[in-house]
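Architecture and fold: a report
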Amino acid sequence: MIDFSAIYQTHAAHVHRFALFLSGDPTLAEDLTAESFVRLWLARERLELATVRAYLFAIARNLYLQQRRGRRPQEPFDEATADPRPGPAERAMARDELASTLAALQALPELDRAALLMRADEELAYEEIAAALGLTPAAVRVRVHRARLKLVEAREIAAAPRSIPEDPR
């Protein structure tokens, strides 16, 4: 009668190491080792003690190959199927930019803000804006231009990298 416990004690570490090097996955190596000994137990009537280790390695290798064949092949990531929507970082940056633009817009004098909004948001002609605000069309053009420059300047300041002040010590 074969002492299966002695066979396991003698060969389990070797089979596990072989399975680990073969698969590169510790969990899979444990599964392959256990299954190898189950298969050995099922074939114990025709077992030759002189070739037990080689037989266990062959079982482990065949189980590994079966496992690999059973897995679906990994397909490379296709950029065409990627989600075209902005990711969290882009959405956060857009929110920050919107907040700083709205703050800069609120910092403009009311007359400049009104002229800019009528022109940019409502797409009114300079003459219509002039009539609404009681200004000349030339004055409206100047106010809209200056307001746009102030918004661009505020955006550049907000986008500029901030440096940490040096320690005066």
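These remarks concern the structure in this document. (Residues numbered from 1 in each chain as written. Predicted model: local features only at pLDDT ≥ 70, side-chain atom pairs only at ≥ 80, totals over all residues. Heavy atoms only, no water.)

This next bit is on the overall build of the protein. If you tally the helices and strands in the protein, you get seven helices and zero strands. Along the protein, helices (α) and strands (β) appear in the sequence α-α-α-α-α-α-α when read from the amino end. In the protein, which comprises 169 residues, the proportion classed as buried is 21%. Across the protein, every contact between residues at least 6 apart in sequence was considered, and the portion connecting residues at least 24 apart equals 53%. Within the structure as shown, the protein displays about 13000 Å² of accessible surface, and the carbon and sulfur contribution to it stands at 56%. (Helix = DSSP H or I, 4+ residues; strand = E, 2+ residues; numbered from the N terminus. Buried < 20%, exposed > 50% of the residue type's maximum accessible area, 1.4 Å probe, protein only. Contact = heavy atoms within 4.5 Å. Areas by Shrake-Rupley, 256 points an atom, 1.4 Å probe, with all protein chains shown as cover.)

It is worth spelling out the packing of aromatic side chains at this point. Throughout the structure, instances matching the rule amount to four aromatic pairs. Ring geometry for F18 versus F57: centroids 4.7 Å apart, planes at 25°, classification stacked. Residue F18 is found in helix α1 (residues 4–23), and its partner F57 is found in helix α3 (residues 52–70); the two are separated by 39 residues along the sequence. Among the residues examined, F18 registers a relative accessible area of 26% and is labelled partly exposed. (Phe/Tyr/Trp six-rings, centres within 6.5 Å; stacked < 30°, edge-to-face > 60°.)

Attention now goes to the packing of helix α5 (residues 110–120) against helix α6 (residues 126–133). Contact geometry of α5 with α6 gives a least axis separation of 10 Å together with a crossing angle of 145°. In the packing of α5 onto α6, the handedness of the crossing is right-handed. Here L111, A114, A115, M118 and R119 of α5 come into contact with α6, specifically with Y126, I129, A132 and L133. Classifying every residue of the contact of α5 with α6 by side-chain character gives eight nonpolar, no polar and one charged. (Axes fitted to C-alpha atoms, helices over the stretch in contact; angles between N-to-C directions. Left-handed = near helix turned anticlockwise from the far one by under 90°. Nonpolar A, V, L, I, M, F, W, Y, C, P; charged D, E, K, R; others polar.)

Another aspect to go through is the pattern of salt bridges. Following the criterion strictly, the structure yields five salt bridges and no others. Residue E45 is joined to R44 by a salt bridge in which the shortest nitrogen-to-oxygen separation is 3.8 Å. With relative accessibility at 68%, the residue E45 sits in the exposed group. (Salt bridge = Lys/Arg side-chain N within 4 Å of Asp/Glu carboxyl O.)

Along the polypeptide, R113 turns up in helix α5. Buried and unpaired, R113 has no salt bridge, with E110 as the nearest side chain of opposite charge at 5.5 Å. Polar side-chain contacts of R113 include one of 3.1 Å to the backbone oxygen of Q106. Beyond its immediate sequence surroundings of up to four residues, R113 is in contact with L105, Q106 and L108. (Lys, Arg positive; Asp, Glu negative; His and termini not counted. Polar contact = N/O pair within 3.5 Å; in protein donor to acceptor, adjacent residues only side chain to side chain.)

Turning our eyes to something else, we now look at the packing of α6 against helix α7 (residues 137–159). Where α6 contacts α7, the axes come no closer than 8 Å and their chain directions differ by 100°. The angle between the axes of α6 and α7 places the two elements in the roughly perpendicular class. Taking contact as the criterion, the partners of Y126, E127, I129 and A130 in α6 are, on α7, P137, V140, R141, V144 and R148. Residue composition of the contact of α6 with α7, grouped by class: six nonpolar, no polar and three charged. (Parallel < 35°, antiparallel > 145°, perpendicular 65-115°, else oblique.)

What follows deals with a nonpolar patch on the surface. On the surface, a nonpolar cluster with roughly 300 Å² of combined accessible area is contributed by V38, W41 and L42. Assignment of secondary structure puts V38 in helix α2 (residues 26–42). The class for V38 is partly exposed, based on a relative accessible area of 42%. (Patch = residues over 30% accessible without salt bridge, like charges linked within 9 Å, V, L, I, M, F, W, Y side chains within 5 Å.)

A rise of 1.5 Å per residue sets the reference length of α7, with its 23 residues, at 33 Å; its end C-alpha atoms lie 33 Å apart and thus fit the reference within 8%. Looking at α7, one finds that the buried residues are V140, V144 and A147. Lining the buried residues of α7 we find α5 and α6. (Expected span 1.5 Å × (residues − 1).)

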